[in-house]
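Each chain, letter by letter, is given below.
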Amino acid sequence: DAGVIQSPRHEVTEMGQEVTLRCKLISGHNSLFWYRQTMMRGLELLIYFNNNVPIDDSGMPEDRFSAKMPNASFSTLKIQPSEPRDSAVYFCASSLSAGARPGELFFGEGSRLTVL
Amino acid sequence: QKEVEQNSGPLSVPEGAIASLNCTYSDRVSQSFFWYRQYSGKSPELIMSIYSNGDKEDGRFTAQLNKASQYVSLLIRDSQPSDSATYLCAVSRYGNNRLAFGKGNQVVVIP
């Protein structure tokens, strides 16, 4: 089975531009998580969906960030306008909400974003 | 206070020795505890989970939980160079898959 697929793997953009990150969940998984990882702050949860419904978006930094889940297998994270402090690795992870191994998140390879 | 704290700096251990990692959490109602391993440039992967006080062993890994003191630890016995990675402690408050992660501890195993 294919794992969680993220695109793009690397993105370099200029301040003020719109950035869209994409994620395809593992087939059959019903929970979706967007995390951001930096050296300073570690791995931070941005937003969490269960069955396509946003459950907890308290980690979304501000209105410049938005996330959608238009169907059960796909999600986007959009930053508009982007700022240099948004530079980070963005991970998408999926899981079964009631799986055999609670707490097991399957992470994609990440999207490394650099905002100049 | 951060939800999950891992304060130790990089840990260097000789091959074959025991590596010991610690983690504390702030919320007493936390129910589930996990250790993830992340190789440089890669994504995190789950290696251990623990839900009740005491020790849980899986191969060369042992997780220890003390809810009264709000800490979780990970022991890696007979450390191998392939264990060189960053180890992330994660906690779930509600027993679901919403995890809060610590910043991680880097382990370097010296051959």
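Conventions used here
- Residues numbered from 1 in each chain as written.
- Chains lettered and ligands numbered in written order.
- Predicted model: local features only at pLDDT ≥ 70, side-chain atom pairs only at ≥ 80, totals over all residues.
- Heavy atoms only, no water.
- Core = buried A, V, L, I, M, F, W, Y, C linked by side-chain atoms within 4.5 Å.
- Buried < 20%, exposed > 50% of the residue type's maximum accessible area, 1.4 Å probe, protein only.
- Helix = DSSP H or I, 4+ residues; strand = E, 2+ residues; numbered from the N terminus.
- Contact = heavy atoms within 4.5 Å.
- Phe/Tyr/Trp six-rings, centres within 6.5 Å; stacked < 30°, edge-to-face > 60°.
- Lys NZ or Arg CZ within 6 Å of the ring centre and 35° of its normal.
- Pairing = 2+ DSSP bridges.

K.L.:
What am I meant to see in the nonpolar core here?
P.N.:
Nonpolar side chains in soluble globular proteins generally cluster together in the buried interior. Core analysis: the biggest nonpolar cluster contains 24 residues, and Trp35, Val72, Leu74 and Tyr87 of chain B have the highest contact counts within it. When residues of this core are traced back to their parent elements, those giving at least two are strand S3 (19–25), strand S4 (32–38), strand S5 (45–50), strand S7 (61–66), strand S8 (71–76), strand S9 (85–92) and strand S11 (105–110) of chain B. Excluding anything up to four places from it in sequence, Val72 of chain B contacts Leu21, Asn22, Cys23, Tyr25, Phe33, Trp35, Ile50, Gln64 and Leu65 of chain B. Ranked by size, the runner-up nonpolar core spans 22 residues in total, among them Met60, Phe65, Ile79 and Leu113 of chain A.

K.L.:
Whenever I open this one, the packing of aromatic side chains confuses me. Can you help?
P.N.:
Centre distance and the angle of the planes are the two values used to describe a pair of aromatic rings. Throughout the structure, instances matching the rule amount to 10 aromatic pairs over all chains. Considering the side-chain rings of Phe33 of chain A and Tyr48 of chain A, the 4.7 Å spacing of their centres and the 10 degrees angle between planes classify their relative orientation as stacked. Of this pair, Phe33 of chain A sits in strand S4 (residues 31–38) while Tyr48 of chain A is found in strand S5 (residues 42–50), placing the two residues 15 residues apart along the sequence. Overall, the relative accessible area of 0% leaves Phe33 of chain A in the buried class. The interplanar angle of 75 degrees and the centroid separation of 6.2 Å between the aromatic rings of Phe107 of chain A and Phe101 of chain B together place this pair among those described as edge-to-face. Residue Phe107 of chain A is found in strand S10 (residues 106–107), and its partner Phe101 of chain B is found in strand S10 (residues 100–101); the two belong to separate chains. The cationic tip of Arg60 of chain B hangs over the ring face of Phe61 of chain B; the distance from NZ or CZ to the ring centre is 5.7 Å.

K.L.:
In this structure, what is going on with the sheet that holds S3 of chain B? I would like to understand it.
P.N.:
For sheets, the rule is that strands pair by backbone hydrogen bonds, running either parallel or antiparallel. Residues and elements named next belong to chain B. Pairing is antiparallel in the open sheet, where five strands are placed in the order S1-S3-S8-S7-S6. Of all the strands in the sheet, just strand S1 (4–5) and strand S6 (54–58) have a single pairing partner and so form its edges. Pairing of S6 with S7, which is carried by five bridges, proceeds in the antiparallel orientation. Bridging across to S7, Glu57 finds its partner in Thr62.

K.L.:
Help me understand the pairing of S9 of chain B, please; the structure alone is not making it clear to me.
P.N.:
Residues and elements named next belong to chain B. Counting buried positions along S9 yields seven of eight residues, so the element is predominantly enclosed. By the bridge criterion, two bridges tie S9 to S10 in an arrangement that is antiparallel. Paired with Ala90 across the two strands is Phe101, which belongs to S10.

K.L.:
Is there a simple way to explain the environment of Glu5 of chain B in this structure?
P.N.:
All names here are of chain B. Mapped onto the elements of the fold, Glu5 is located in strand S1. Along the primary structure Glu5 and Arg98 are separated by 93 residues, whereas in three dimensions their C-alpha atoms are 17 Å apart. Ignoring anything within four residues of it in the chain, the contact list for Glu5 reads Asn22, Cys23 and Thr24.

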